[in-house]
Amino acid sequence: LGFEPAALMNYLVLLGWHPKDGKEIMTEKEMIAAFEISDVNSAGAKFDLVKAQTFNREYLSRLPGEELVGFLPENTFNYTDDGLAKIAKGAMDRAHFTKDIAGVVDYFFKDIDAPIDAMKKVEEFPKFLELVINKLEASDWDPELLFNSIMTLVTDLGIHRGSALNNLRLCITGGASGPKIHEMMDMMGRDEFLRRLKKAKNIFGIQTQS
């Protein structure tokens, strides 16, 4: 099924025993140090597959992103090593096993066509998108500060916040899920993030002319 051996052992140890401090995710050395035979209970233990999967995800989420990079798809867009580590780490919000990682973050490694038909309040978006691109091109690459600037644009234009951000996400990922926008800016880097927005702008231009 894809369970990590250490995570599975850790879960099995807790079927009938718990350390006094209540800690669950432990290394083998920590389990050995904490174990007391007197703390083992006699109640029948039940292996809960769903809980075990969640436990495996929690175990993997505590690993450094660098240790998970090998499970990502091919680095199509030349992300930096730091960016790849952050993408892999972010995948653990939804992946329960290492085999899930590539599928969870596949949009980082595909050429996305912005699904304009899925956008809300689409009439407000072209001008906003153009201003966002101009802002990103003219500024130093600081994802958090730039996202704050994007939010200022939303306020200044008087457009619907949720729709604007959702539409921006669709331009980047092609879907509604994924990390926060400023996190994706950090993961992708300037060149790829801007490339996707400019591609969306071009698609939008074709759509509005037809």
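**Focus on the nonpolar core**
- Judged by nonpolar contacts, the single largest core of 51 residues is most densely connected at Val 105, Phe 108, Phe 128 and Leu 197.
- For this core, the secondary-structure elements that each account for two or more residues are helix 4 (81-91), helix 5 (101-104), helix 6 (125-138), helix 7 (143-157), helix 8 (161-173), helix 9 (181-188) and helix 10 (190-209).
- Apart from residues no more than four positions distant in its own chain, Phe 108 is found in contact with Phe 77, Tyr 79, Ile 87, Pro 179, Met 184, Met 187, Met 188 and Arg 196.
- The next biggest cluster of nonpolar side chains, apart from the first, holds 12 residues, and it includes Phe 3, Trp 17, Ala 52 and Phe 55.

**Examining a negative patch on the surface**
- Taken together, the side chains of Asp 93, Asp 140, Asp 142, Glu 144 and Glu 183 make up a negatively charged region of the molecular surface.
- On the secondary structure map, Asp 93 appears in the loop between helix 4 and helix 5.
- Assessed through its relative accessible area of 65%, Asp 93 is described here as exposed.

**A short note on a nonpolar patch on the surface**
- A surface patch of nonpolar side chains, amounting to about 400 Å² of accessible area, comprises Leu 1, Leu 12, Phe 47 and Leu 49.
- Topologically, Leu 12 is positioned in helix 1 (residues 5-13).

**Re the pattern of salt bridges**
- All chains considered together, the criterion is met by 13 salt bridges.
- Arg 62 is the partner of Glu 58 in a salt bridge, and the nearest nitrogen-oxygen pair spans 3.0 Å.
- Arg 195 is the partner of Glu 192 in a salt bridge, and the nearest nitrogen-oxygen pair spans 2.9 Å. Linking Glu 192 with Arg 195, this pair stays in helix 10, spanning 3 residues, or about one helical turn.

**A word on the environment of Glu 74**
- Along the chain, Glu 74 falls in the loop between helix 3 (49-61) and helix 4.
- Spatially, the C-alpha atom of Glu 74 lies 10.0 Å from that of Lys 110, the residues being 36 residues apart in sequence.

Rules used throughout
Within every chain, residues take consecutive numbers counted from 1 along the sequence as written. In keeping with the predicted nature of the model, local features appear solely for residues at pLDDT of at least 70, side-chain atom pairs appear and are counted solely at 80 or more, and the whole-chain, interface and lining totals rest on all residues. Hydrogens and water molecules were not included; the side-chain quantities draw on all heavy atoms of the structure. Throughout this description, the term nonpolar core refers to a set of buried Ala, Val, Leu, Ile, Met, Phe, Trp, Tyr and Cys residues connected via side-chain atoms within 4.5 Å. Exposure categories follow from relative accessible area, calculated using a 1.4 Å probe and restricted to protein chains: below 20% of the type maximum is buried, above 50% is exposed, and the middle band is partly exposed. In this description a helix means any DSSP run of H or I spanning at least four residues, a strand means any run of E spanning at least two, and both kinds are numbered starting from the N terminus. Residues count as neighbours in contact if any of their non-hydrogen atoms are within 4.5 Å of one another. A patch consists of residues whose relative accessible area exceeds 30% and which take part in no salt bridge; residues with like charges are grouped when within 9 Å of each other, and nonpolar side chains (Val, Leu, Ile, Met, Phe, Trp, Tyr) when within 5 Å. With residues, only the protein chains shown are counted as cover, and all accessible areas are computed by Shrake-Rupley using a 1.4 Å probe. What counts as a salt bridge is simple: a side-chain nitrogen of Lys or Arg found within 4 Å of a carboxyl oxygen of Asp or Glu. We count Lys and Arg on the positive side and Asp and Glu on the negative side, and we leave His and both chain ends out. Where a charge sits is defined by one atom per residue type, namely NZ (Lys), CZ (Arg), CG (Asp) or CD (Glu).

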